[in-house]
Each structure stands twice: as structure tokens, then as C-alpha cells.
Amino acid sequence: MIPYTKEAPQQIASEEELRARIPGWGADLDRKDRPAVPREQSLTTGAHWEFPDRQPEKGRRERSVEHRFLTPVFGTTVPLKGLSGGIRRLAYARYSEGRAAHWLLLILGDRVDAVESHVASLATRRPDEPITQSGVVSELSHDGLRSRFGRGRADVKHVWLDPVLVVGPWLMAGGLVFALGRTVVRALR
Amino acid sequence: MRAMVYRGPYKVRVEDKEVPAIEHPNDAIVRVALAAICGSDLHLYHGMMPDTRVGSTFGHEFIGVVEEVGGSVQNLKVGDRVMVPFNVYCGSCYFCSRGLYSNCHNVNPNATAVGGIYGYSHTCGGYDGGQSQFVRVPFADVGPMVIPEWLSDEDALMMTDALPTGYFGAQLGDIEQGDTVVVFGAGPVGLFAARSAWFMGAGRVIVIDHLDYRLQKARDFAFAETYNFNEHDDVVVHLKKITDYLGADVAIDAVGAEADGNLLQHITSAKLKLQGGSPVALNWAIDSVRKGGTVSVVGAYGPMFSAVKFGDAMNKGLTLRMNQTPVKRQWPRLLEHVQNGHLKPSDLVTHRIPLEHISEGYHIFSSKLDDCIKPVIVPEAA
């Protein structure tokens, strides 16, 4: 009548059986052997400074408004640029991490960045190329069909959505550009 | 150097990039020997993590050889073979001085809610990652560790995130002898969490996923009882039935942001990016654990809000425990486990992919082709 009485469940296997069957069973039974216990503890880290030297700031590095100052060390890959950079800078300068607007602007910046970068790549000797960059050729070399079907996978139920979500925005953007162009041409006539 | 470069959602390629330079006196430059693709890299790849910039290089799981050190580095020298925890951390701030290395306050100007992570968007500090031939490693005296000679490269690679995160997840569960532990997700972190739960004296370990080949691995590697949630109308009810309608003592969410199993949650998060993540596994954990039980979360979620069933958690009196893993704290004990033969971390590696073919590696891992569990990237083959 568990759990409607005080009765506790029976162990499925005894301690001896578990110890014999599973390598290392019970090795960390004692919490003193668990490195994450207690959660907060003072440990030797290798740091030989009270506050780290400051990494030189090249350009204007964006930062969260929740920081008192630019952290002494930071990543320097892909500085802000273009329209996406402006959107991201606004997100950092105006909104705290607690505001949805902060994250929604950053996600918008990501989408704009993808379009900007794709368009810019068309003017280079190595434009974006969806076939190789998506790795979709591995569908042929790594059993795409066999891996998916007849294997009880939950994601197969909505796999039809993927091409809609990938191609859909491009079709919508194309339709919008076409409609806008047609309106302009008609107005000029 | 050759490096993986993000080109927008679902698109990556390999490009020539500048070899990283020393930018701080305690930096090191590491020549990458092996890197891995992590399940959480897929959140970046799918465009879910805010401020993931085109042109950045992913990869927070890597090992390599020290190529150059900055002027203040004392603990490493050129030529050392090192493993690098996925956390970038200073070792001296309020949080690091309390052992919370993953919550360092001195390395991420872009956010205060998360520390620094290699190759994990500007939300995590804007550092390039290790899916490349070279990588900049800040605070070289704090994070990296010389790999013991007896430890293989692939075992060391698993020590940089997947194994410590699974082990940490089991510890967050505060497991007591004889506890029933249910792990959601049979990816590398879930498999390591399930295996680690036994170290802490679990009496029964159950793993839930929808990929049969991974559930097979959970039985073989983690000695777990397994169930495919896709074969049950309601996996929470099933878990109640097999635990005498009590529920598990501990539930571990080792899935995170892209959990499947609920179409609305999946579309609004993974597809439309309107949530920080699809908390299907987390909600199942909350609902399937017993009243007064513990839910441990090591699956990664984005910083936006998610539709979590918090009322059930409150009404059941649950303890919710979570964090990014402070990796280096786990190493001494984990090295003992590996050396004592309690587990072999590289048993989960299924694919070894040259850096030049990394776009295929991402697709194989993302689409779960060819029974992929853990893909390893080999830069020298570039």
C-alpha cells in the first residue's frame, strides 16, 4: 500500500549484490568523498593575485549593465559590427539581464548577423554554401534513413517542420521583396 | 590555423583564422590535440543561445599541448600536455574563492548570471573555443592541469566536461544509500550521471530517453534499467507505477534546452526560440520524483524564461539543485575512480572526425545518425 501507509519500498538488490555487479558501487557513499560537498568551500586554486591584471581593452568592449566595470579578462573574438552590432550594443547598454528585451534583442541581433554575414559572403571568393556547411551530405554516408525510421524516435514526428522553418523565412522575405518591388514599379508608372 | 567557424544556424565550416595571441600575462596558447562536440554545442549550432556571433569558433571540451605562455604563468611550461576545464575562471573572485569556479565574476563582461565558457557565445564571455588547431587559455595557472601519463588522450578529453558534469549531477542529487534515481537523457552526461549514481550508493538507477541505441548503452555502460518515453503514453505515470506509485527519490535532468516529448514546448523553444529551453525533461523530473525528493539539473538552458512547472515543485516540497559544473573540483576524485577501474570515460566515444569534416560531425551528432553518442574532433588531421 505504498505510499498510502508508512511502509517503505523494498530494495530490489542487496548491498552485496550491487557491490559485486557494479564497479565502484558505494565508493562515494560517505559525503566526505564527494568533491561537490559542501557546495561552498575554500580551495587552493593556483591564483597568485588578489585581483587579476587587467587585459588591455582594444576598441569599445560591450558589457552587461549589471557589471560595475569591464571584467579584467574577456574574450576578444568577433567584435560588434554592422546593424547586428548596433542591435547587440543597444541590448547591452539599455537592458539588464533580468529584462526579456535584453535577450530578445540579442536573438534579433543573431538573426540579422546571419543575414548580414550571408550577404557579405556573396562578395567573397568563398560564399556561404548550404550543402557542405550544413553537413547534410552525411545523411548518405551515415545511414540517414536507417538511423531515423523504425527506431521509436520522438523527433521523427516533427521532422517535417524543419524544412518549413529553414526555407519559410527565406520565402517570406522573397515574397516581401517582390511585393515591395512591384508596388514601387507600379507607383513609378 | 584551421578552425571551425559558425556561419549561422545549422551551418559551420572550417576556415583559416589567425593563431590566437597572448592577451593577458596569465594566458597560455594551447595547440589542440583533441576536441569534442558537446550536446550543449548543439544549442549554439541551432541558434538558441543569444549573442552567438557568425565567425566564432565553438568547443569547450579540448586537450592539447602548451605552445606559449604569458609572462606571469608559473604552473605550466611549453610542451606540457594539458586538459582544460570548460570553465574560464580567475580563481580569486568572491565566487571562485568559495569553490564556485563556474560562477566566476572576473571573466565574462557580457553577463553576470553565467561565468566564462570557451567557445560558448558572447553570453558566456566571447571566447573562441577549441574546435581548432590553437586556442587561447586565460588564467593558465588556475584552470588547466598537466595530464597524468597513465591517462589516455580520449579519457582526458572526457574529463573536461562530460564526465565531471555527469558526476556533479549525481552529487547534486544528494543520493543516499538505496535511493531510486531516475536520469532523463542518455547522452554522455546522462550516462555518466547514471554510472556515478551507483558510486553514491543508489539502489536503483533508471534512464529515460527516446533513442533505443542510447538506452542500450545505458544498460551496458551504466548498468541502468531503461525506458523509451516514446513507448509510453505518459512516462510520468509509468515511472510512478514502477516505483510503487511513490516516485523516485532523486531525478536528474541531463537533457536541457532541446528536450523532445512535447511538441508545443519543442516548437516554442528549439524552433521559434521563444523560451530559454524546452523544459520537458525538467517537468518530467519534477512530476516523477517523490514528494520531498531532489531534482538535479545539469542539462543546459538558455538565459530566457522557460515554462517550468514550478507550482508542482513547490507543492511537492522538492529540493531543486543545479549549476554549471566547477570541473576542476571534480578531477582529483574522478581520477581516482578512473585509475581504480571504476569506469573508462572514453567508452562513450563513438566517432572520430577530422576537423576539416566538422560540418558533417555536427549534422551526425545533431540528427543522431549512425548511433552517435560522442563525437571527437581531431585537428591534426586538418
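Bear in mind the structure is a predicted one, so any value in this text is a computation, not a measurement.

Undergrad: Explanation requested: the interface of chain A and chain B in the structure shown.
TA: Reports of interface size often rely on the accessible area that becomes lost once the parts have come together. Taken together, the contact pairs 100 residues of chain A with 109 residues of chain B. Each partner contributes to the roughly 8700 Å² buried at the junction of chain A and chain B, and carbon and sulfur atoms together form 52% of this total. For the interface between chain A and chain B, the tally reads nine salt bridges. Between Arg7 of chain B and Asp128 of chain A there is a salt bridge, with its nearest N and O atoms 2.7 Å apart. On inspection of chain A and its partner chain B, the count reaches 73 residue pairs in polar contact (both at pLDDT 80 or more). Sorting the residues of the side of chain A that touches chain B by element identifies helix H1 (15-21), helix H2 (82-94), helix H3 (100-121), helix H4 (130-133), helix H5 (138-141), helix H6 (144-148) and helix H7 (161-188) of chain A as the ones contributing at least two each.

Undergrad: What am I meant to see in helix H10 (residues 327-339) of chain B here?
TA: Residues separated by three or four positions in an α-helix point in the same direction, a consequence of the helix having 3.6 residues per turn. Residue and element names in this part refer to chain B. Taking 1.5 Å of rise per residue, the 13 residues of H10 would be expected to cover 18 Å, and the 18 Å separating its terminal C-alpha atoms lies within 8% of that figure. At Arg333, H10 shows its maximal bend, which comes to roughly 35°. Taken together, the buried positions of H10 are Val327, Arg329, Gln330, Trp331, Arg333, Leu334, Leu335, His337 and Val338. Elements in contact with the buried residues of H10: strand S5 (81-84), strand S6 (87-88), strand S9 (145-146), helix H3 (162-172) and helix H4 (188-199). Of the residues one or two after H10, Gly341 is the one with positive phi, at around 75°.

Undergrad: How should I be thinking about the domain arrangement of chain B in this particular structure?
TA: All names here are of chain B. Looking at the assigned domains, one finds that chain B contains domain 1 (2-161 + 326-381) and domain 2 (162-322). Between domain 1 and domain 2, the C-alpha centre-to-centre distance is 25 Å. Listed per partner, the contact involves 36 residues of domain 1 and 28 residues of domain 2. Approximately 2600 Å² of surface area, both sides summed, lies buried where domain 1 meets domain 2, with 69% of it carried by carbon and sulfur atoms. Summed over the three residues of domain 1 that lose the most area to domain 2, namely Met48, Leu348 and Ile373, the buried surface amounts to 24% of that side. The interface formed by domain 1 and domain 2 contains 11 residue pairs in polar contact (both at pLDDT 80 or more).

Undergrad: How do you make sense of the environment of Glu40 of chain A when you look at a structure like this?
TA: Tracing the backbone shows Glu40 of chain A in the loop between H1 and H2. Among the residues examined, Glu40 of chain A registers a relative accessible area of 42% and is labelled partly exposed. For Glu40 of chain A and Lys81 of chain A, which are 41 residues apart along the polypeptide, the C-alpha to C-alpha distance reads 40 Å. Ignoring any residue separated from it by four or fewer positions in sequence, one finds Glu40 of chain A in contact with Arg98 and Leu100 of chain B.

About the cut-offs
- Residues numbered from 1 in each chain as written.
- Chains lettered and ligands numbered in written order.
- Predicted model: local features only at pLDDT ≥ 70, side-chain atom pairs only at ≥ 80, totals over all residues.
- Heavy atoms only, no water.
- Contact = heavy atoms within 4.5 Å.
- Buried area = accessible area lost by both parts, 1.4 Å probe.
- Salt bridge = Lys/Arg side-chain N within 4 Å of Asp/Glu carboxyl O.
- Polar contact = N/O pair within 3.5 Å; in protein donor to acceptor, adjacent residues only side chain to side chain.
- Helix = DSSP H or I, 4+ residues; strand = E, 2+ residues; numbered from the N terminus.
- Expected span 1.5 Å × (residues − 1).
- Bend = angle between axes of the 7 residues up to and from the residue.
- Buried < 20%, exposed > 50% of the residue type's maximum accessible area, 1.4 Å probe, protein only.
- Domains from an automatic or database assignment.

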